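Residue strings, one per chain:
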Amino acid sequence: MKKIFQNIKENFKLIIGVLVIGIFMGWLFFHPGRVATRQVQEIEGHEGHDHESEDPTTWTCSMHPQIKQDKPGQCPICAMDLIPLISMNAEGDYVDPNEITMTESAAKLAEIQTMIVVAGTPQKSIHLQGKIQEDERRISKLTARFGGRIEKLFVNFTGQNVQKGEKLATIYSPELITAQRELLEAMTYKETRPALYNAAFGKLKLWDLTDAQIYSIEKNGEPLLYFDVLSPISGTVTIRHVAIGDYIKEGTALFKVVDLTWVWALFDAYETDLPWIKTGDKIEFTIQSLPGKLYSGKVSFIDPFIDSRTRVAKVRVKLKNTQFKIKPETFITGILESKIADLGNEILIPKTALLWTGKRAVVYVKVQDRENPSFLYREIILGPEAGNFYVVADGLNEGEEIAVNGVFKIDAASQLQGLPSMMNPDGGGVSTGHNHGDESKKSSEHSEHTLFKVGGNCDMCKDRIETAALSVSGVTSAKWEAETQELHLNYNKGVSVDKVHKAIAKSGHDTELEKAPDEVYKELPGCCLYKRFDYSNQSQPEMEHTMVKVGGACEMCKDRIETADLSVSGVESANWESESQLLHLNFDAAKTNSDAIQKAVAKVGHDTEKYKASDDVYKDLPGCCLYREE
């Protein structure tokens, strides 16, 4: 207190001065005459105001319609100038209540761009990978027509080139000697019993002797003790199954000869590429073993089946190889410039114009004859992808104008106003004038929810299960979780849940009540082969799913790794991906574990996260399988 009084004494004059100034300012602004004058002015102004001409306009932001003010100004969110709410409505005799209208300044700020929809010829560059393979029509496999012993061998190694009619081996065969003696004996009855002679002659022909060899036997009058195996075609010996001194039986494989003057270039085409490929299309490609040279050819055949594991179909191009420079199994890379098969002019829209949820494809169509830019939400049906464009199968007409840039911003504004949007096709965002909360509450009173188990593994399973559930009329939503294998189902009252179980089972997935048909389950992709449900006691084993890094390089590695996994008791499914080198495993936790599975993989020559394969085993792998970086 003493310090306070001491400060007052020291600053006494300053305090007195401040008080005087304050009293003077108060008198100046709050003098009774000035207050009365201001009140009179306000009364006169109010009496002179025309109430009938007052404009009760509500001002809002075109990008944030939840902002509502009774006077102009700036949006507190984006600082854009507010506009009268009436200007948000379109002009004209007919106004669609679902129109989303923007000012020119808002459209410019949102970078909205539009284009007129036109028809064109869809074109696409398809990049294809593949391998060189031998022509299956130019392969000859030689098998023994009779038993005997290999006396001589004229082909000493695989890869040796032979000419048609060239000797491959010499066989000593007691059976053949007996058959020749029968022919010589039948020759004496050729005139009187020609049927006997013809039978003996035909028997030797069926045993692969040529007419010249048979006539030589007849001319010499003595059976040949050794029979030469001749090459039926000119080509390369790719397999030799026998060695000198081997005893063979009828049907034993001897040689495989391939004519490599023509080979096949087999490309892998994914499902999305197939609509663009047709017989006769030109493919330009390069061969890795022959860099710097460009090859081309026309598609001669498209495989009618898609591989269930790789999801590709083979596209074949015939290639001449008279100099034998092109080797089978070499990798090739090609490009096919194609117009879509069997289609002419089609409606094309750029990818930037599209909002896609996975189930719905949405565009915003500009409404014509409006003072301000106005757009309408529209769902369309897409055709194939065409480079940077999509083909529109249905939903748009030539000449209509659509937004191609800033589409997401239009959709966001539409959602905020409670109009139809990408995520809410029936509306339901921020809205004025309608109580959507009451409507949704009323709708929920008539819906039911249930939860049940459905077998599956991955995102492909999720899409398949949810699509099957939603195909049942009355099902409002379906969400399947891979970790718990539980399906959350919302449906209207009166819907039979049994129908949902049956629809899902038809797609290949077991449910608690319905088992999927075995033939449908087996056709699922490898990553979707889940642990089947046990319906004998309705109890499921404790299954685990895990992913493990496994070293590998090619399809041979994939087969070796997955075979090793499946050899472990308790492993239900195994799928190894070469690109990511990830092994997806499903196994019964009561029977095995990840360590035991990784040990089995390491034993066959492939490193895992925890175990390294033996160097001796690794070195014995084929050359294409050597994955380690030395």
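Our subject is the structure listed above.
Residues numbered from 1 in each chain as written. Predicted model: local features only at pLDDT ≥ 70, side-chain atom pairs only at ≥ 80, totals over all residues. Heavy atoms only, no water.

A. Spatial organisation of the overall build of the protein. Within the protein one finds 15 helices and 32 strands. Each of the 630 residues in the protein was classed as buried or not, and the buried ones make up 38%. Residue pairs at least 24 apart in sequence account for 63% of intrachain contacts in the protein once pairs closer than 6 positions are excluded. Surface exposure of the protein reaches about 37,100 Å², of which carbon and sulfur atoms provide 52%. (Helix = DSSP H or I, 4+ residues; strand = E, 2+ residues; numbered from the N terminus. Buried < 20%, exposed > 50% of the residue type's maximum accessible area, 1.4 Å probe, protein only. Contact = heavy atoms within 4.5 Å. Areas by Shrake-Rupley, 256 points an atom, 1.4 Å probe, with all protein chains shown as cover.)

B. Just the sheet that holds strand 14 (residues 247–248), in detail. What the 4 strands build is an open sheet, ordered 12-11-9-14; its pairing is antiparallel. The strands lining the two open edges of the sheet, one partner per strand, are strand 12 (226–230) and strand 14. Where strand 11 (residues 167–172) meets strand 12, 5 bridges bridge the pair, whose relative direction is antiparallel. The residue bridging isoleucine 171 from the neighbouring strand is phenylalanine 227, located in strand 12. (Pairing = 2+ DSSP bridges.)

C. Representation of the nonpolar core within the structure. In this structure, Leu209, Leu254 and Phe255 are the most contacted members of the largest nonpolar core, which totals 31 residues. For this core, the secondary-structure elements that each account for two or more residues are strand 9 (148–153), strand 11, helix 5 (174–187), helix 6 (194–206), helix 7 (211–220), strand 12 and strand 15 (253–258). Counting residues per element, this core draws most heavily on helix 5, which supplies 5 residues. In contact with leucine 209, not counting residues within four places along its chain, are Leu176, Leu204, Ile214, Ile217 and Phe227. Ranked by size, the runner-up nonpolar core spans 26 residues in total, among them Leu260, Ala265, Val315 and Ile326. (Core = buried A, V, L, I, M, F, W, Y, C linked by side-chain atoms within 4.5 Å.)

D. Structural detail: the layout of surface pockets. Considering only enclosed or pocket space, the largest pocket measures out at about 1,700 Å³ in volume. Forming the walls of the largest pocket are 50 residues, and the residues nearest its centre are Tyr270, Thr310, Glu555, Lys558 and Ser578. At 5 residues, the largest contribution of residues to the lining of the largest pocket is made by strand 31 (residues 571–577). Taken together, the residues of the lining of the largest pocket break down into 21 nonpolar, 15 polar and 14 charged. (1 Å grid on protein atoms, 1.4 Å probe; cavity = no way out; pocket = protein on both sides within 12 Å on 5 of 7 lines; lining within 4 Å. Points joined across faces, edges and corners; volume = space filled by probe spheres on them. Nonpolar A, V, L, I, M, F, W, Y, C, P; charged D, E, K, R; others polar.)

E. Broad picture of the pairing of strand 32 (residues 582–588). Among the 7 residues in strand 32, 6 count as buried, and that is most of the element. Summarising the sheet, strand 31 and strand 32 pair through 6 bridges and their orientation is antiparallel. When the sheet's bridge partners are listed, glutamate 577 is paired in strand 32 with leucine 582. Where strand 31 folds back onto strand 32 in an antiparallel hairpin, the turn is made up of 4 residues, including glutamine 581, whose phi is positive at roughly 55°.

F. Quick look at the side chain of histidine 509. Within the secondary structure, histidine 509 is located in the loop between helix 11 (497–506) and helix 12 (518–522). Side chain to side chain, histidine 509 and arginine 464 meet in a polar contact 2.9 Å long. Histidine 509 has contacts with Val454, Gly455, Gly456, Cys461, Arg464, Ile465, Ile504, Ala516, Leu524 and Tyr530, leaving out every residue within four places of it along the chain. (Polar contact = N/O pair within 3.5 Å; in protein donor to acceptor, adjacent residues only side chain to side chain.)

G. Region of interest: the pairing of strand 29 (residues 486–492). Residues of strand 29 alternate between two faces, with Leu487, Leu489 and Tyr491 buried on one and Glu486, His488, Asn490 and Asn492 left unburied on the opposite face. Where strand 28 (residues 475–481) lies against strand 29, 6 bridges are found, and the strand directions are antiparallel. Counted as the bridge partner of valine 475 is tyrosine 491 from strand 29. Hairpin connection, strand 28 to strand 29: the antiparallel pair is bridged by 4 residues, and glutamine 485 has positive phi, about 60°.

Spatial relationships are all this shows, so hold off on functional conclusions.
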